[in-house]
Amino acid sequence: MDALKTSCGAALGFAVLVACAPVSMPEPQEGAAFFAANCTSCHGTGGQGNGPVSGDLNPKPTNLTTLAQRNGGTFPTARALSYIWGDPEQGHLARVMPQFGGPMADDLVPLEVDGVLTPTPRALAGLLAYLESIQD
């Protein structure tokens, strides 16, 4: 019960912080820097899944420029965030891509996900903005 109180208190604290303090949302350029540092070896510089180590991976890296196209023309923010940050139902052994969570959770911004402001690591919010900007 104490964990629930702490969790609810943290969520309420975040909501109050968002309502009271101006928060600058990351721009696609910020996400591009994260992408260049963490994603290009597998997904390639353009995000098409053709990075230098992609040939050795099974399954092959996803073409990140077609996420919206494969989702009826809408960028799948919730699904992408869940996969990148680390879906608890998919452990490291069930996926090739590393999970990006942990220490990132110290710098949160309110990202709108399916109509709900969701506390999201700033680096990942920037990455999502970048990925949305490179859709075909």
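Here the structure is a predicted model, which means the values were calculated and not measured.

Caption draft 1: Molecular detail of the overall build of the protein chain. Across its full length, the protein chain carries 5 helices and 2 strands. Reading the helices (α) and strands (β) of the protein chain from amino to carboxyl end gives α-α-α-α-β-β-α. Buried positions account for 34% of the 136 residues belonging to the protein chain. Considering only residue pairs separated by 6 or more positions, the protein chain has 48% of its internal contacts joining residues 24 or more positions apart. When the accessible surface of the protein chain is split by element, carbon and sulfur atoms take 58% of a total near 8200 Å².

Caption draft 2: Spotlight on the pattern of salt bridges. Enumeration according to the criterion identifies 1 salt bridge in this entry. The closest approach of N and O atoms between E30 and R122, which form a salt bridge, is 3.0 Å. Remark: R122 occurs in helix 5 (residues 122-133) and E30 occurs in helix 2 (residues 28-38); sequence separation between them is 92 residues.

Caption draft 3: Region of the structure containing the packing of aromatic side chains. Under the criterion given, the structure shown has 1 aromatic pair. Ring centres of F35 and Y130 lie 5.3 Å apart, and the angle between their planes is 45°; this geometry places the pair in the tilted category. Within this pair, whereas F35 is found in helix 2, its partner Y130 is found in helix 5, the two being separated by 95 residues in sequence. When sorted by exposure, F35 lands in the same class as Y130, which is buried.

Caption draft 4: Representation of helix 2. Inspection of helix 2 places G31, F34 and F35 among the buried residues, and these make up the whole buried set. Viewed along the axis of helix 2, the buried residues span an arc of 100°, placing them on a single side of the element. In helix 2, the exposed positions angled more than 90 degrees off the buried face are occupied by Q29 and A37. Structurally, helix 2 contributes buried residues whose contacts are with helix 3 (40-43) and helix 5.

Caption draft 5: How the structure looks around the confidence of the model for the protein chain. A residue-level look at the protein chain finds 74% of positions with pLDDT of 70 or above and a mean pLDDT of 82. Here residues 1-10 is a poorly scored stretch, pLDDT under 50, and it has 0 contacts once near neighbours within four places are set aside; other chains count.

Caption draft 6: Just unusual backbone geometry, in detail. Following N58, the chain continues to P59 via a peptide bond in cis, the omega torsion being 5°. Checked against the element boundaries, P59 lands in the loop between helix 3 and helix 4 (77-85). Within the chain, D114 stands out as a residue other than glycine whose phi angle is a positive 50°. Examined against the element boundaries, D114 turns out to sit in the loop between strand 1 (108-113) and strand 2 (116-121).

Caption draft 7: View of the pairing of strand 1. As paired strands, strand 1 and strand 2 are joined by 6 bridges and run antiparallel to one another. Across the sheet, the residue bridging to V113 is V116, located in strand 2. Linking strand 1 back to strand 2 in an antiparallel pair, the connection comprises 2 residues, with D114 at a positive phi of about 50°.

Caption draft 8: Representation of the packing of helix 2 against helix 5. Between helix 2 and helix 5, the shortest axis-to-axis distance is 7 Å and the interhelical angle comes to 100°. When the axis of helix 2 is compared with that of helix 5, the two are roughly perpendicular. Mapping the contact onto sequence places P28, E30, G31, A32, F34 and F35 in helix 2 and R122, A123, L124, G126, L127, A129, Y130, L131 and S133 in helix 5. Of the residues belonging to the contact of helix 2 with helix 5, the class tally is 10 nonpolar, 3 polar and 2 charged.

About the cut-offs
- Residues numbered from 1 in each chain as written.
- Predicted model: local features only at pLDDT ≥ 70, side-chain atom pairs only at ≥ 80, totals over all residues.
- Heavy atoms only, no water.
- Helix = DSSP H or I, 4+ residues; strand = E, 2+ residues; numbered from the N terminus.
- Buried < 20%, exposed > 50% of the residue type's maximum accessible area, 1.4 Å probe, protein only.
- Contact = heavy atoms within 4.5 Å.
- Areas by Shrake-Rupley, 256 points an atom, 1.4 Å probe, with all protein chains shown as cover.
- Salt bridge = Lys/Arg side-chain N within 4 Å of Asp/Glu carboxyl O.
- Phe/Tyr/Trp six-rings, centres within 6.5 Å; stacked < 30°, edge-to-face > 60°.
- Arc of directions from axis to C-beta.
- pLDDT = per-residue confidence, 0-100.
- Pairing = 2+ DSSP bridges.
- Axes fitted to C-alpha atoms, helices over the stretch in contact; angles between N-to-C directions.
- Parallel < 35°, antiparallel > 145°, perpendicular 65-115°, else oblique.
- Nonpolar A, V, L, I, M, F, W, Y, C, P; charged D, E, K, R; others polar.

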